[in-house]
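Listed below are the residues making up each chain.
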Amino acid sequence: SRKELSESFLDGTSSTYVEDMFANWVKDPKSVHPSWASFFESSERGVPAGEAFMSPPTLGSSVATKATPSTYTSSGSPKQVSDSMRLLLLVRAYQVRGHALANLDPLGLEVKEEPAEFNPAKYGFTEADMDRPIFVGEGFISGFLTNKQPETTLRQVLKRLKETYCGDIGIEYMHIQDREMCDWIRDKFETSQPVEIPDKEKIKILERLSWADQFEGFLGLKYRATRRFGLDGCESLIPGMKAMIDTATEDGVESIVLGMPHRGRLNVLANVVRKPLPAIFNEFNGGVISIEGEYSATGDVKYHLGTSYDRVTSSGKKVHLSLVANPSHLEAVNPLVEGKVRAKQHYSKDTEQKKSMAVQLHGDASVAGQGVVYETLHLSNLDNYSTGGTVHIVVNNQIGFTTNPKYSRSSKYCTDVAKTIDIPVFHVNGDNVEAVVKVCKIAAEWRQKFKRDVFVDIVCYRKHGHNETDQPKFTQPIMYDKIGKQQPIIEKYSNKLIAEKVITQEQYLQMKNIIHESYEKGYQDGMKHVPNAEDWLESRWEGFKSPIELGNPGRTGIDQDLLQKIGKVLYTEPSGFEVHSTIKRLLKEKKDMFDKGTGFDWATAEALAFGSLLLDGNHVRLSGQDVERGTFSHRHAVWHDQKTDQTYAPLTKLATALGKKDAAEFVASNSSLSEFAVLGFELGYSLENPDALILWEAQFGDFSNGAQVIIDQFISSGEQKWMRQSGLTMLLPHGYDGAGPEHSSCRIERYLQLCDSDPNKIPPKEEAERKQSQHCNMQVLNCSTPVNYFHALRRQVHRDFRKPLVIATPKYLLRYEKSFSTAKEFSNDSFTRLYPEAFPDQINKPEKINRIVFCTGQVYYNLIASRESNNIKDVAIIRVEQLHPFPFDLVAEQLQHYPNAKAIWCQEEPMNMGYWNYIYPYFISTFKHINRPADITYTGRPSSASPAVASHTLHKLQLENFLSNALTGQVGSK
Ligand SMILES: Cc1ncc(C[n+]2csc(CCOP(=O)(O)OP(=O)(O)O)c2C)c(N)n1
Ligand SMILES: [Mg+2]
């Protein structure tokens, strides 16, 4: 019956065109394609179906769509039509779920049950139907099932379905919402004959497989006790990847950025990226690039290092391959890879995203377990984050360290996360290297055609333990019994080609020997190889200084004329564009600001920094949650027409308005609600080209802890490990305003704890600033004025080296007029690391100052207000704007300027948080340096587990307490 047919059809499938049609048909037969509706109507009315029936609206095959109604339409009997229909349902079942029965596991450990919907009986077929002719017409299935004959048998159909969908490749694609995409994939697999691979191609596969296989064997022999996280058991990855790269390159890809974990990394480096063998073997011999001294670069283990090389493909095309360095943290590199590719596309104006491509490798346990995979996948189709599709390859060895899949995921496939973004997954038996190559090629074609991600899941095994020195039988005795008996992939494939007479035994042995000799030569040369210690910067970074060559600080001030010109663009409403009434008011205020030359707020200062950099030709990219408007409604970098919702970003109009054709592009982009992936993405973006200001803003500073891995493993330590510089800037809204435990603190103490300077090493005064900032791992600031924020941003780019920058940014100061700056200050030379007392005329002479209160950030304004209202004259208030690197020279100057004063540190954060624990040893060593008794007193909120109190009243009480302590309270030791 119609209902049964429909139900059986829907069983185990997801919503696509045909299911919808069936579902609709159950409700209303007329709502579906007229030909189907009329068939059912007619047959229900007893009218011979052939008179009304046209071939069904195809499942979308490009061939079938164009096909004219079959000759059968006018002559088919209801029985024949019913045969076709039922057959269609059976075909559909295999298209949707054939992968469930596919022979994916080389170990064959999994016991498979045939899905119920594969049973022909479910569609009313019996054994008697197996060999009788069944009509399939000229439609889309006929080419595939019958080699274009109109008739077939059920037995033949089942054979072809099993060959196509249940062989060594299992395809998941019917979940994809787009018909064209589904049909494209189907056309790739539903061929009328199994596709034959030319002999030449087979030999190439064998050769690539041999390189991969012998690499592991060679290392195993030479470095028996060394961990290499070998690819043994998944050697087919190498021919697969190479075929994928060849295909992509043929289709226009010129540059590939690779992200991958430990497994098989050395093999990929040697055989895919073609890192010279002597360099690889040298690393095994203990050669690491490292520099110890004032500046240290201490390197990383060999299976984490990145590299990049130009490679010529087998057809002679050139492709640049870069492998991004990564920490042990699995999958954490994913967003960096995407950011780097996006940056490549941006700088090379690859708007079609055809020339640069990302490739990500994963392990089965990590791809399922690590949330950053999901976060990164969700960037894949967003306007300012898409890279036009990433090819993902999973080395699915069915184990994660000692844990079986059953305990490491709740889904059937480790790749199931892919289905959340509507992309295909090709599962393939890793022992069938030809099948691996086939799906890898299709994956590359798919990426180039649809600009969407794709997954290849190579189901394989891990020959040894987690590393080569590990004993796997402690935990997987049965699996490893089986693995012990497994015939190596290379043996299987070489035997196959020898049996097929594609190659002779002698030729194969010859091939093996040549490969062995190459490895042996690489090994010998590796003994003499000297690693390149100057390998700091990639090509775009030429001219930038490594930390051991001192650079020059650039000028960050801008001329008043330029400031006014940028201002005009910032406050001018475009004609025919209806801005919101509040923004209208803000623009008027902004114009007044520029006319009067005073009252420059934070948003304007930031826009001036961005605008002036753009005009200098420096790309500016600001990304994060709601950054376009700004969480605090202060930035308004993008306006929305109130009638049409069209957008207008004033900074994108600078170039035209000022007639500067070479101005760079401004991007402010609201991101997805992720910190880990988005910060990683921006970091990757920043690695590509130094001539840009790349910023990530946290919605509130506290949320940055969701990106902790990026901060710990990359931003704070990346340069020391991998000798790659980044000028990434992190904006972290921070400040206590009584809003409760969340949103008060960006946990600045965490960043300060990651800073690498030695408090006891005070550099000579004349080179303090330069040397410190070049040698340190990152800078941490809390600026108290908009203009200093402006200089800090421009300084990031106006330098001949790059350093990550973390800024605790304001919230209430955004609208606090007393913090605002004057136009003239924007022409000052540079960033101010420390502000001395701002009102020396209103307090005693320096000798009569009894205490100097050091502070940073917004609490300064509380201190000033309190000093004023209490008419205190014997206290000087100093702002440390740059916390790291610590301005020893300027702090010393201040201490010496007030010879009779006691030092106080005042902060609004609890004692165990904020700056205190960081700042204390730096102050102590500064005191010692100037031969003064070391003494500094803490004032601030009491130690606390939670960053801030919930009660506004208590918040104010705490504030009053510590302000009075700072200005008049007892002074003593820590
Ligand atoms: C985030 C993270 N957690 C834990 C580890 C420790 N670890 C290293 S490899 C590994 C197993 C990974 O399994 P899988 O992803 O399947 O890769 P395989 O080693 O099997 O190739 C684990 C847990 C890690 N490196 N990173
Ligand atoms: Mg694994």
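Structure: above.
Residue indices begin from 1 for each chain and proceed along its sequence in written order. A letter from A marks each chain and a number from 1 marks each ligand, given out in the order of writing. Residue-level local features of this predicted model are given only where pLDDT is at least 70; pairs of side-chain atoms are given and counted only at 80 or more, and the full residue set underlies all totals for whole chains, interfaces and linings. With hydrogens and water stripped out, all remaining heavy atoms of the structure feed into the side-chain values.

Visitor: Pulling in residues and values, what's your account of the layout of surface pockets?
Guide: The rolling of a water-molecule-sized probe over the atoms marks out the regions of remaining empty space. Size it by volume and the second largest pocket reaches roughly 860 Å³. Here a cavity denotes grid points, spaced 1 Å and computed from the protein atoms alone, that fit a 1.4 Å probe unable to get out, and a pocket denotes an open set having protein on both sides within 12 Å along at least 5 of 7 lines; residues with an atom within 4 Å of a point are the lining. In this structure, the second largest pocket is lined by 33 residues; those nearest its centre are I169, V195, I197, E434 and K438. For the lining of the second largest pocket, the residue count by class is 13 nonpolar, five polar and 15 charged. Grid points are joined across faces, edges and corners, and a volume is the space filled by probe spheres set on the points. By the convention adopted, Pro, Cys, Tyr, Trp, Phe, Met, Ile, Leu, Val and Ala count as nonpolar, Lys, Arg, Asp and Glu as charged, and the other residues, Gly among them, as polar.

Visitor: Describe the coordination of the magnesium ion (ligand 2), naming the residues involved and giving the relevant values.
Guide: Any N, O or S atom lying within 2.8 Å of the metal counts as a donor, and for Na, K and Ca the limit rises to 3.2 Å; water is left out, so some sites can look incomplete. Bound to the magnesium ion (ligand 2) are the protein donor atoms D364 (OD), N397 (OD1) and I399 (O), situated 2.0 Å from the metal. Look at where the donors of the magnesium ion (ligand 2) fall in the sequence and you get D-x32-N-x1-I. Here D364 is found in helix α15 (residues 364–369), whereas its partner I399 is found in the loop between β8 (390–396) and α17 (405–408), with 35 residues between them in sequence. Comparing D364 with I399 shows no difference in burial state: the two are buried. Think of it this way: any DSSP run of H or I at least four residues long counts as a helix, any run of E at least two long counts as a strand, and we number them from the N terminus. Partly exposed describes any residue whose relative accessible area lies between the buried limit of under 20% and the exposed limit of over 50%, with all areas from a 1.4 Å probe on protein chains only and scaled to the type maximum.

Visitor: I'd like a rundown of the site of ligand 1, residues and numbers included.
Guide: Throughout, near means a residue has at least one heavy atom within 4 Å of the molecule or strand. The local shell around ligand 1 holds 15 residues, among which R263, D364, A365, S366 and I399 are the closest. For the purposes of these results, a polar contact is taken to be a pair of N or O atoms within 3.5 Å, where, inside protein, one atom must be able to donate a hydrogen and its partner to accept one; residues adjacent in sequence count only when each atom of the pair is a side-chain atom. Contact between ligand 1 and D364: an oxygen atom at 2.5 Å from a side-chain N or O atom of the residue. Within the contact set of ligand 1, an oxygen atom lies 2.9 Å away from a backbone nitrogen or oxygen of I399. Burial of ligand 1 by the protein chains amounts to 76% of its free accessible area of 580 Å². Per-element accounting of the shell around ligand 1 gives the leading share, three residues, to α15. A breakdown of the residues in the shell around ligand 1 according to their chemical character gives four nonpolar, nine polar and two charged. All accessible-area figures derive from a Shrake-Rupley calculation using a 1.4 Å probe, and residue coverage is judged against the displayed protein chains alone.

Visitor: Help me get a handle on the pattern of salt bridges, residues and values and all.
Guide: We define a salt bridge as a side-chain nitrogen of Lys or Arg found within 4 Å of a carboxyl oxygen belonging to Asp or Glu. In the structure shown here, the tally under the stated rule is 53 salt bridges. Residue K159 pairs with E163 through a salt bridge whose shortest N-O separation is 2.9 Å. Here the residue K159 and the residue E163 both occupy positions in helix α8 (residues 154–165), the gap between them amounting to four residues, near one helical turn. Given the relative accessible area of 46%, K159 is considered partly exposed. For E163, a relative accessible area of 35% puts it in the partly exposed group. Measuring nitrogen to oxygen at the nearest pair gives 3.2 Å for the salt bridge that ties E688 to K340. With a gap of 348 residues between them, E688 in helix α26 (residues 676–688) and K340 in helix α14 (residues 334–347) connect regions that are remote in the sequence. No difference in accessibility class separates E688 from K340, as the two residues are buried.

Visitor: So what's going on with helix α22 (residues 560–571)? Which residues, and what values?
Guide: The span expected for a helix works out to 1.5 Å for each residue beyond the first. Helix length check: α22 (twelve residues) gives 16 Å between terminal C-alpha atoms against 16 Å at 1.5 Å per residue, within 8%. Packing partners of the buried residues in α22 comprise α23 (581–596), α24 (602–615), β12 (639–640) and α25 (654–657). When checking whether two residues touch, look at their non-hydrogen atoms; a contact exists if any pair is within 4.5 Å.

Visitor: Report on the environment of L336, specifying residues and quantitative values.
Guide: With respect to the helices and strands, the residue L336 is situated in helix α14. Spatially, the C-alpha atom of L336 lies 9.8 Å from that of F714, the residues being 378 residues apart in sequence. Ignoring sequence-local partners within four residues, the contact set of L336 consists of G680, F681, L683, G684, L687, I710 and F714.

Visitor: For the sheet that holds strand β22 (residues 882–884), give the residues involved together with the corresponding values.
Guide: Strand pairing in a sheet relies on backbone hydrogen bonds, with the paired strands running either antiparallel or parallel. The sheet built from seven strands is open, its strands ordered β14-β11-β15-β16-β18-β17-β22 with mixed pairing. Two strands lie at the open edges of the sheet, namely β14 (666–670) and β22, each paired on one side alone. In this sheet, adjacent strand axes meet at a mean angle of 20° when their direction is disregarded. Only when DSSP finds a minimum of two bridges between them are two strands counted as paired. In this structure, strand β17 (residues 779–781) lies alongside strand β18 (residues 805–809), joined through three bridges in parallel fashion. Bridge assignment links L781 to a residue of β18, and that residue is I807. Fitted lines through C-alpha atoms serve as axes, helices being fitted only where they are in contact, and the angles separating the N-to-C directions of these axes extend from 0 to 180 degrees.

Visitor: For empty space enclosed by the protein, give the residues involved together with the corresponding values.
Guide: Overall, the coordinates contain seven cavities of 30 Å³ or more when judged by the stated rule. Computed from the structure, the largest cavity encloses a volume of approximately 90 Å³. Lining the largest cavity are W602, A603, E606, F632, H634, R635, E697, P733, Y789, T809, P810 and L814. Considering every element that reaches the lining of the largest cavity, the biggest residue donor is α24, with three residues. Residues that form the lining of the largest cavity fall into these classes: seven nonpolar, two polar and three charged. Space inside the second largest cavity adds up to approximately 70 Å³.

Visitor: Please give an account of the environment of L732 that cites residues and values.
Guide: Within the element layout of this structure, L732 appears in strand β16 (residues 729–733). In this structure, the C-alpha to C-alpha distance between L732 and T809, residues 77 residues apart in sequence, is 5.4 Å. Beyond its immediate stretch of four places on either side in the chain, L732 contacts W696, A698, G701, S704, C746, Y751, V806, I807, A808 and T809.

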